[in-house]
Structures are given as structure tokens and as C-alpha cells.
Amino acid sequence: MSVQSPCKGCREEYRATEEQIDRLLDHPMFQADSEISVPDSVYLGRLEQCMSCPRLSAGTTCLVCGCFVRVAAKYRNRACPLAGESRWAKFET
Amino acid sequence: MSNSVTINADQVLGTINRNIYGHFSEHLGRCIYEGIWVGEDSPVPNTNGIRNDVVAALKHIKIPVLRWPGGCFADEYHWKDGVGPREDRKRMINTHWGGVLENNHFGTHEFLMLCEMLECEPYISGNVGSGTVQEMSEWVEYMTFDGVSPMAEWREKNDREKPWDVKYFGVGNENWGCGGNMRPEYYADLYRRYQTYVRNYGDNKIHKIACGPNSDDYRWMDVVMREAHWLMDSISLHYYTVPGKSWSNKGPATGFTEDEWYTTLKKALWMDELITRHSAIMDRYDPSKRIGLIVDEWGTWFDVEPGTNPGFLYQQNTIRDALVAGITLNIFHAHSDRVQMANLAQVINVLQSVILTEGEKMVLTPTYHVFDMFKVHQDASLLHSSVTSAAYTRDEHSISQLSVSASKDAQGRIHISLCNLDNAAEAEVDIDLRGLDGAELVISGTELTASEKDAHNTFEQPDQVAPAAFHAFRMEDGKLKAKLSPMSVTVLEVIAQ
């Protein structure tokens, strides 16, 4: 029998998984030709910066903004939030 | 039905404890790290590693008390890991929240330094779930002992000669859940044991707080009060406003439906019933109301912002949150004979925050503005008032359109806080101010409202929801007539000359 704990922190939905991120990125808004997303070449360049950043946690999460970097790096109108040394800028065509 | 309010300016019911305006900071997501602590080498302007902008903003709202280090985190927090040279402190994974690396750079010294900067009382949450009696006892000794002792000497070695004043100490957190999954009978015995060694040293008198129930667990309250009431100064209560039907589908913080607006406010109003019923149980064992009820976790809990780590509990904050804050604070006022403290969860970047940060940027939320507008009630005298409110109905449900509270401060100024819960209809209110002996009244007001029900502040548009002067009132036939905007929180100031 499964018993739901009243404890907030023990719930499975608070665990970050690559599958969750994959599901988010499956949305059409994140396709490379959408109005929201940057082109793949820009995306990969941003991710490369994120992956070498000391503020990346567990390979998934930016500790500065709390976002999954694989999601945050998709947005044209976002810039790396690292104070004083932003690693990538907004994408403007 | 019209809205009418009668305020008896000469009938004082009690004092609104300023600690009702308290906050909560946990090692969770970006509350402590990034939100408060950025480290001394950060390009974010800081003093000894603590953000200057955040300290200034919290001082502005007169934050009276801050709870730390959790929450669930407190149940696995071992304080000795967080003192001494920072480079030598233990590194661990925060298993409760997000699985991030915790380097313990923010520990006891840093928290108490923060409280000194904020000029607020610290409220330490001790570890019963996975800590020992000795560990808890030594923490109190470390912080408060003024004399020769192993812990006092260790504190001095760590560059703090004088002890701190630490009044509020929680003996356990959510021991019905993340704090050990205990039965109330077992926790009550543990409380009796642990609190024995939470000593008073010198002039420092600890206010001991027992772990109380989750939401409507009335049995927990009854058992813990029955078995340990004479050994506690307060007991806690946790209640979150979750509009969704389940914890796995709580509803979004923005872009919510009309139903979700209504349900959120209806559930926020339930706080009144919870306090009433828990207080009735407490009355059985403590009819003189010596023991305080401390609502040390409350606020809205929505689904996290899309694309953010679910363990970070990051959510936006709209005019709906402002209404929840206003309603709840008015409820706390009404129960000020029993509610001695409350701590909104959480102060920065987590759940119903008053502040959001991202790198060097900071934005104040609608909830912040309610705390700013309502700070005039801190330590003021609660005035007797009666309210006849129009109904705010949806489908077969009905709640009051208005939430009202009134107080008089030390200078004799009367403050009336009014919330209009309806997001579509104005509220015309007749306010009868009695007990002022025909004095001439000077009235002013401040209003927080919005044109959209999910209006919120962002780093790009930080003032979408901000307080503005309120002028929609007049005196007529000896009564104050006000017209409240839909979905608004208003505070009127009345000076009798």
C-alpha cells in the first residue's frame, strides 16, 4: 500500500530528472525555428558555457536563477544571470 | 447586501504582536544562497557576504523576527557543520531540496549577524528528527552562554566573544512528517526530554516552541498540549494555501483560472477556522492563554515556474498573493490573544516570497507591499470592529467580499486594513468610526491593486503592482465612505485632531 507522506520535502515531484527536462523541451515552443527559441548553434554555445560554470548544480540547474540550463538556454530574450560575469547575452537578430 | 464596518476606537481588544509579521528562511532553493548570502567576494554589493539590497528592503518593512534554518532542512541540520573557518566546513548534499551542494558557508554566525543587521529577533529551529539532545543543548550553550564552558570557548575561538541574545527556539519541526514521521505521543515525550536541556544562561531567557500540528490535525494539538503544555511557551501550526486538489497539481502561480482565484482566497480564509479550533483545544489545557500559537509556516504554494528545478519551489507572486497576505494578516490580528508570531514561507525566492532575486537584480513582490502597508499594525492595539460584508459568490459557494481589521498605534493614529476579494466588482463600504468624541478627522490612504488578476512584478517591469495613494473616500453624514477597487488591499489612516 502506498501512503502519501504529509511531509513536503519527501515528495517525488520535487526531484529533478532529465526526463522532466526532456518533456519540457518536447514542447513546440522550444523547436529551433520558433519565435521563442534561439537557433541550435547558439543554444549549444550557451550550454557549453553553462556546463563549465561553477554555479551549475548536478549538471542540470543554474544556482543563480534556479532554472534547468537546458531550458533557460533556449530563450532568445534571456541572458546568463551570473552577476558581474554573464556568460551569454540575449539573442538579437 | 451593502458593506458596512463599525469600528469602536475606544474598545481595545489586545495588542497585535509585531512578530505576526515575521518571516522564514530555509536552506532551500535560492532562499539563503543567492537570496541572502552571496559571499564576501561576490560582485553583488554585500556586507560581510550578505546582500545589501535585501537587508535594506527587509529593514524597510520592519521585519521583526526571522526563522532559520528550516523547515525540513532543520531536521537534518547539524549546526557544528556550519561554524569555524568557512573553507573547512563540511560539504553535503541538501537531500530535502533540489539535491544541491550545501557548503555550510551560511551557518550560525552568519545567521545571527544577519539578524543583527536586520535588527530583528532570531528564531532558531532545532533538530529533533535526526539530532541528539546533546547537540541541541550545546547549540544553545554555544550561542548564549556567557562564561567559561567548552561551547563558549569554541565560540570565542570562532571570533565571537560575547554571546548572542536568542529568544525563540523551536524544539523540532514537522515531527509528524520530515522531522521523523512521529506519532504525537512519541513526539510529546521527546519534546519533554529535549526541552529539558534547552537551558537559560545568564539573562537570556529562551521562549520554547513545541512542534504543533499540520493544518487540521487536531489530534496532534490535543495530545502534545495534554502531555507537555506546562513545559512550552508556544506551539506551532503549519498551513499552506494550495488551490489545486492535490500536492502534485497545485495550480500555476500566474495564468490561473477564475476558479483558481476564488478557491485560493477561500482556502486562505480557512486559516480562521484552523486557528479558532486549535485555540479551543489549547484553551482546555491553557485557559489563561499563556501559551502562544505560532503559525511559523504559512502562505501560498503553487506549481513551480516552468523550467525551474522543482526542488527549488520558485514561484511568481501576483495580486492574488497580496490578497492572501492581507486576508491572513487580518485573521492573525483577530486572534491576537493567541497568535503571538507567524512566519511567511519564505522570505526570498521560495514560495510566497516578499523578494525575488536573480544575480544582482532584485524585485519586490505584491506580498512585500502588503507587509509594507500593514507594518503600521505592528505592536498596535487591536480595536473592536464589526463587519457586514456583501457576499462574493461563485457557483454554489459564497465567501465574504471584505476582510477588515483596525488598530490604534502608540500615537493614537487609527489604521484600517481592507481587502476586496472580488476581482471584478468594486466594494462600497460605509465605515462608522465610534468613540472619537466628534474630533475632526484627517484621513489618508494607500491602495494596492491591479488591472489583471495575475498581475505581477518582474525584473524587467518591477512596478506593475505597486502601492498608490488612495483617494476614493469621503466623509458623509458622519461616516467614512470608501470605494475599494476590485482585487485590492487598502490601508486607511485616521488621525483624530
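As a reminder, the structure under discussion sits directly above these lines.
On a predicted model such as this, the values are computed, not experimentally measured, just so you know. (Residues numbered from 1 in each chain as written. Chains lettered and ligands numbered in written order. Predicted model: local features only at pLDDT ≥ 70, side-chain atom pairs only at ≥ 80, totals over all residues. Heavy atoms only, no water.)

### A short note on the overall build of chain B
So, step 1. In terms of helices and strands, chain B carries nine helices and 26 strands.
So, step 2. Relative to a compact globule of 497 residues, whose C-alpha radius of gyration would be 23 Å, chain B shows 23 Å and is just as compact.
So, step 3. On the principal axes, the C-alpha backbone points of chain B span a range of 70 × 50 × 45 Å.
So, step 4. In chain B, which comprises 497 residues, the share counted as buried stands at 62%.
So, step 5. Intrachain contacts of chain B at a sequence separation of at least 6 include 76% that bridge at least 24 residues.
So, step 6. Carbon and sulfur atoms provide 45% of the accessible area of chain B, an area that totals close to 18200 Å².
So, step 7. Each charge class in chain B was averaged separately, 45 positive and 69 negative side chains, and the resulting centres sit 4 Å apart. (Helix = DSSP H or I, 4+ residues; strand = E, 2+ residues; numbered from the N terminus. Rg over C-alpha atoms; globule rule 2.2 N^0.38 Å. Buried < 20%, exposed > 50% of the residue type's maximum accessible area, 1.4 Å probe, protein only. Contact = heavy atoms within 4.5 Å. Areas by Shrake-Rupley, 256 points an atom, 1.4 Å probe, with all protein chains shown as cover. Lys, Arg positive; Asp, Glu negative; His and termini not counted. Charge placed at Lys NZ, Arg CZ, Asp CG, Glu CD.)

### Concerning the interface of chain B and chain A
So, step 1. Across the boundary between the two partners, chain B contributes 32 residues, which contact 27 residues of chain A.
So, step 2. Taking both partners together, chain B and chain A bury about 2300 Å²; carbon and sulfur atoms supply 57% of that area.
So, step 3. The largest share of the area that chain B buries against chain A comes from Trp 247, Gly 307 and Pro 310 of chain B, three residues that together contribute 21% of it.
So, step 4. Here chain B and chain A share two salt bridges between them.
So, step 5. Among the ionic pairs, Glu 34 of chain B bridges to Arg 55 of chain A, the shortest N-O distance being 2.5 Å.
So, step 6. There are six residue pairs in polar contact (both at pLDDT 80 or more) connecting chain B and chain A.
So, step 7. In terms of residue class, the side of chain B that touches chain A is built from 14 nonpolar, 11 polar and seven charged. (Buried area = accessible area lost by both parts, 1.4 Å probe. Salt bridge = Lys/Arg side-chain N within 4 Å of Asp/Glu carboxyl O. Polar contact = N/O pair within 3.5 Å; in protein donor to acceptor, adjacent residues only side chain to side chain. Nonpolar A, V, L, I, M, F, W, Y, C, P; charged D, E, K, R; others polar.)

### Regarding the packing of helix α6 (residues 218–228) of chain B against helix α7 (residues 258–285) of chain B
Between two packed helices, the angle of one axis relative to the other and the distance separating the axes together describe the packing.
Residue and element names in this part refer to chain B.
So, step 1. Between α6 and α7, whose axes approach to 9 Å, the crossing angle comes to 25°. In terms of their interaxial angle, α6 and α7 are classed as roughly parallel. In the crossing of α6 with α7, the sense of the turn from one axis to the other is right-handed. Along the contact surface, α6 presents Tyr 218, Met 221, Asp 222, Met 225 and Arg 226, while α7 presents Glu 273, Leu 274, Arg 277, His 278, Ile 281, Met 282, Arg 284 and Tyr 285.
So, step 2. Here the residues of the contact of α6 with α7 are counted per class, giving seven nonpolar, one polar and five charged. (Axes fitted to C-alpha atoms, helices over the stretch in contact; angles between N-to-C directions. Parallel < 35°, antiparallel > 145°, perpendicular 65-115°, else oblique. Left-handed = near helix turned anticlockwise from the far one by under 90°.)

### Looking at the side chain of Ser 37 of chain A
Residues and elements named next belong to chain A.
So, step 1. Tracing the sequence through the fold places Ser 37 in the loop between α1 (18–25) and α2 (40–51).
So, step 2. The buried category is assigned to Ser 37, whose relative accessible area is 0%.
So, step 3. A polar contact of 3.4 Å, which involves the side chain of Ser 37, links it to the backbone oxygen of Phe 30.
So, step 4. Look past the residues within four positions of Ser 37 in its chain and what remains in contact with it is Met 29, Phe 30, Gln 31, Ala 32, Lys 74 and Arg 76.

### A look at a negative patch on the surface
So, step 1. A contiguous patch of negative charge, built from Glu 121, Asp 146, Glu 153, Glu 156, Glu 161, Asp 165 and Asp 203 of chain B, is present on the exposed surface.
So, step 2. For Glu 161 of chain B, a relative accessible area of 59% gives the class exposed. (Patch = residues over 30% accessible without salt bridge, like charges linked within 9 Å, V, L, I, M, F, W, Y side chains within 5 Å.)

### Things to note about the pattern of salt bridges
Residues and elements named next belong to chain B.
So, step 1. As enumerated under the stated definition, the model contains 32 salt bridges over all chains in all.
So, step 2. One salt bridge in this structure joins Asp 81 and Lys 90, with 3.5 Å as the shortest N-O distance.
So, step 3. Asp 81 gets classed as buried once you look at its relative accessible area, which sits at 14%.
So, step 4. When its relative accessible area of 53% is taken as the criterion, Lys 90 is described as exposed.
So, step 5. Overlapping salt bridges bring together Asp 283, Asp 286, Lys 289, Asp 337 and Arg 338 as one network.

### Some details on the sheet that holds strand β22 (residues 441–448) of chain B
Residue and element names in this part refer to chain B.
So, step 1. What the 10 strands build is an open sheet, ordered β23-β22-β26-β20-β19-β16-β1-β21-β25-β24; its pairing is mixed. Looking along the sheet, the strands with just one partner apiece sit at the ends: β23 (468–469) and β24 (473–476).
So, step 2. Here strand β16 (residues 381–388) runs beside strand β19 (residues 402–408); their pairing, made up of two bridges, is antiparallel. Counterpart to Ser 381 in the pairing with β19 is Lys 408. (Pairing = 2+ DSSP bridges.)

### A short note on the nonpolar core
So, step 1. Core analysis: the largest hydrophobic core is formed by 126 residues, its most contacted members being Phe 169, Ile 235, Trp 298 and Phe 332 of chain B.
So, step 2. Those residues in contact with Phe 332 of chain B, other than ones at most four positions away along the chain, are Ile 20, Met 271, Ile 275, Val 295, Trp 298, Val 339 and Ala 342 of chain B. (Core = buried A, V, L, I, M, F, W, Y, C linked by side-chain atoms within 4.5 Å.)

### Brief notes about the environment of Thr 6 of chain B
So, step 1. Within the fold, Thr 6 of chain B resides in strand β1 (residues 3–15).
So, step 2. With residues near it in sequence (within four places) discarded, Thr 6 of chain B still touches His 384, Ser 385, Ser 386, Asp 432 and Arg 434 of chain B.

### Some remarks on the sheet that holds strand β8 (residues 121–126) of chain B
All names here are of chain B.
So, step 1. On the basis of which strands lie adjacent, the closed barrel formed by eight strands has the order β2-β5-β8-β9-β10-β11-β12-β13 and parallel pairing. Taken over all neighbouring pairs, the strand axes of this sheet differ in orientation by 25° on average, direction set aside.
So, step 2. Bridge analysis of strand β2 (residues 22–24) against strand β13 (residues 339–345) gives three bridges, and the strand direction is parallel. Looking at the pairing, His 23 lines up with Leu 344 of β13.
So, step 3. Against the sheet, helix α2 (residues 108–118) engages β5 (65–68) and β8, with an angle of about 150° to β8.

### Quick notes on the side chain of Arg 51 of chain B
So, step 1. As for its placement among the helices and strands, Arg 51 of chain B is situated in strand β4 (residues 50–51).
So, step 2. A distance of 3.1 Å separates a polar side-chain atom of Arg 51 of chain B from the backbone oxygen of Glu 34 of chain B.

### Some points on the state of the cysteines
Disulfide: a covalent bond connecting the sulfur atoms of a pair of cysteines.
So, step 1. Applying the stated criterion to the full structure yields zero disulfides over all chains.
So, step 2. Residue Cys 62 of chain A stays outside any disulfide, its sulfur separated by 3.7 Å from that of Cys 65 of chain A, the closest cysteine.
So, step 3. Its relative accessible area of 12% is what places Cys 62 of chain A among the buried residues.
So, step 4. Here Cys 120 of chain B is not disulfide-linked; the sulfur of Cys 115 of chain B is the nearest cysteine sulfur, at 4.0 Å. (Disulfide = S-S within 2.5 Å.)

### As for unusual backbone geometry
Residue and element names in this part refer to chain B.
So, step 1. That bond from Gly 70 to Gly 71 is cis: its omega, 10°, falls within 30 degrees of zero.
So, step 2. With omega at -15°, the peptide bond leading from Ala 345 into Gln 346 counts as cis.
So, step 3. Along the chain, Gln 346 turns up in the loop between β13 and β14 (355–358).
So, step 4. In this model, Asn 104 sits at a positive phi of 60°, which is unusual for a non-glycine residue.
So, step 5. Tracing the backbone shows Asn 104 in the loop between β7 (101–102) and α2.
So, step 6. Note on Asn 104: relative accessible area 0%, which makes it buried.

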